[in-house]
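Commentary on secondary and tertiary structure
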Amino acid sequence: MSIFTSINLLLRMQLLRRNRRLRTNEAIRSLIREHTITPNDFLVPIFIVEGKGIKVEIPSMPRYYRYSLDVLKKEVKELWSLGLKSVLLFVKVPDELKDNKGTEALNADGLMQRAIKTVKDATPDMLVMTDVALDPYSSYGHDGIVDDGYIVNDQTCEVLAQMSLSHAQAGVDFVAPSDMMDGRILAIRELLEKENFKNTGIMSYSAKYASAFYGPFRDALDSAPGFGDKKTYQMDFANRDEAIKETIMDVEEGADIVMVKPGIAYLDLVRDVRDSVDVPVAVYQVSGEYAMLKAAAEKGWLDHDSVMLEQIMAFKRAGAHIIASYFAKDVVKLLG
């Protein structure tokens, strides 16, 4: 048999298996689809402000809003009706309540504590998670206490633990430390255990990078750093192995869920983390990712809904169990 005959036979045998048969129509494509998106995949971030009757759009995040507590009730009820069962709360703190020690963060009647109770009163079965970091409360806009231009670690961890305890006392299900201080998961877990909040969970922002994608979020909460940047505590985006080290340490310290942040530019980390730990993995599709798609769609350069769904599916495919996304309502409404 000549070499040409052998090649021809080989090609003919390969064509006995035509992969395109499994892409012929939507029925077969949906039947064999490896990953699907449901409302259960989402954690919905919500921004909260003081006042009454407030639903104000965030300029750099089109069609995303800050809510006062009375309007928050309506919002979480709508989320629940759509099948969205988990929220992540952030508060915009008035400037006059900010200081260098995050004093307002420990106020039992503070905005976050009242927001937790508001959500639980409106939708008792809603899973409530809360941001734990000092930047919304800090006069410096940093995630920790500042001493002579340096963000101190251990003293900050003590405040973060007390902040978490305050949220637990208000009825939160999970606290979500986003600060990236060393040892803060252990400090929080130990205090919660000591105060008999053993069932209050911790979702740790374990691999949170110093990213330029956070800009619109900082506008939303007025929490941009007043000096310098956050690179002495958030991770260098050039590093990969460091993310695994940070995540494993957080699990060892008591984290129940770990998170990678940002999202699309860090899908390799989502997969690495998923392969390295035995707890659920979350990913945060951050404000800059949201704003970029909104802007491109407004210009007519991208099809908004198609790209939105493709990005969300990318998180699932990469291994995320939980997706924190500003697109959650849009996705669920689109899926019908």
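Refer to the structure presented above.
All of the points below concern the structure found in this document. (Residues numbered from 1 in each chain as written. Predicted model: local features only at pLDDT ≥ 70, side-chain atom pairs only at ≥ 80, totals over all residues. Heavy atoms only, no water.)

We now examine the pairing of strand S9 (residues 201-208). In terms of burial, S9 is a largely internal element, 8 of the 8 residues being buried. Looking at chain direction, strand S8 (residues 174-177) and S9 are connected through 2 bridges and run parallel. Bridge pairing in S9 places Phe 174 opposite Gly 201. This β-α-β element, S8 to helix H6 (residues 184-194) to S9, shows right-handed connectivity. Relative to strand S10 (residues 257-261), S9 runs parallel, the two being bridged by 4 bridges. Considered in S10, the bridge of Met 203 is made with Ile 257. (Buried < 20%, exposed > 50% of the residue type's maximum accessible area, 1.4 Å probe, protein only. Helix = DSSP H or I, 4+ residues; strand = E, 2+ residues; numbered from the N terminus. Pairing = 2+ DSSP bridges. Right-handed = clockwise from strand over helix to strand, strands pointing away.)

This paragraph deals with the nonpolar core. Nonpolar side chains tend to gather and get buried jointly when the protein is soluble and globular. If you look at the biggest cluster of nonpolar residues, it comprises 101 residues, and the most contacted ones within it are Phe 42, Ile 46, Ile 48, Leu 72, Val 87, Leu 89 and Tyr 284. Of all the elements, helix H5 (residues 154-170) adds the most residues to this core, at 8 residues. Once residues lying within four places of it in the same chain are set aside, the contact partners of Val 87 are Leu 43, Val 44, Ile 46, Leu 79, Val 119, Met 126, Leu 127, Val 128 and Met 129. (Core = buried A, V, L, I, M, F, W, Y, C linked by side-chain atoms within 4.5 Å. Contact = heavy atoms within 4.5 Å.)

Before going further, it helps to spend a moment on a nonpolar patch on the surface. A surface patch of nonpolar side chains, about 310 Å² in accessible area, is lined by Leu 22, Leu 31 and Ile 32. If you trace the backbone, Ile 32 turns up in the loop between helix H2 (26-31) and strand S1 (42-48). (Patch = residues over 30% accessible without salt bridge, like charges linked within 9 Å, V, L, I, M, F, W, Y side chains within 5 Å. Areas by Shrake-Rupley, 256 points an atom, 1.4 Å probe, with all protein chains shown as cover. Salt bridge = Lys/Arg side-chain N within 4 Å of Asp/Glu carboxyl O.)

Its 12 residues place the ends of helix H10 (residues 287-298) 16 Å apart at the C-alpha level, agreeing with the 16 Å of an ideal helix rising 1.5 Å per residue. Of all the positions in H10, only Ser 287, Gly 288, Glu 289, Tyr 290, Ala 291, Leu 293, Lys 294 and Ala 296 are classed as buried. Gly 300 occupies a position one or two residues after H10 and carries a positive phi of about 80°. (Expected span 1.5 Å × (residues − 1).)

Moving on, we come to the packing of aromatic side chains. For the structure shown, the criterion picks out 11 aromatic pairs. Arranged with centres 5.9 Å apart and planes meeting at 25°, the rings of Phe 47 and Tyr 326 form a pair that is stacked. Of this pair, Phe 47 sits in strand S1 while Tyr 326 sits in the loop between strand S12 (322-325) and helix H12 (328-335), and the two are 279 residues apart along the sequence. According to the relative accessible area criterion, Phe 47 is buried, its value standing at 0%. Taken together, a centroid distance of 4.9 Å and an interplanar angle of 80° make the contact between Tyr 64 and Tyr 326 edge-to-face. Taken as a pair, Tyr 64 in strand S3 (residues 61-67) and Tyr 326 in the loop between S12 and H12 lie far apart in primary sequence, 262 residues in all. For the pair Tyr 64 and Tyr 326, a shared accessibility class is recorded, and that class is buried. Among the aromatic residues, ring-to-ring pairing joins Phe 47, Tyr 64, Phe 90, Tyr 205, Tyr 284, Tyr 290, Tyr 326 and Phe 327 into one connected group. Note that Lys 55 overlies the ring of Tyr 65, its terminal NZ or CZ placed 4.7 Å from the centroid. One Lys or Arg, Lys 208, reaches over the ring of Tyr 214 and ends 5.8 Å from the middle of that ring. (Phe/Tyr/Trp six-rings, centres within 6.5 Å; stacked < 30°, edge-to-face > 60°. Lys NZ or Arg CZ within 6 Å of the ring centre and 35° of its normal.)

With that out of the way, let us pick up a positive patch on the surface. Among the surface-exposed residues, Arg 18, Arg 20, Arg 21 and Arg 23 lie close enough to one another that they form a single positively charged patch. Structurally, the position occupied by Arg 18 is in the loop between helix H1 (3-14) and H2. (Lys, Arg positive; Asp, Glu negative; His and termini not counted. Charge placed at Lys NZ, Arg CZ, Asp CG, Glu CD.)

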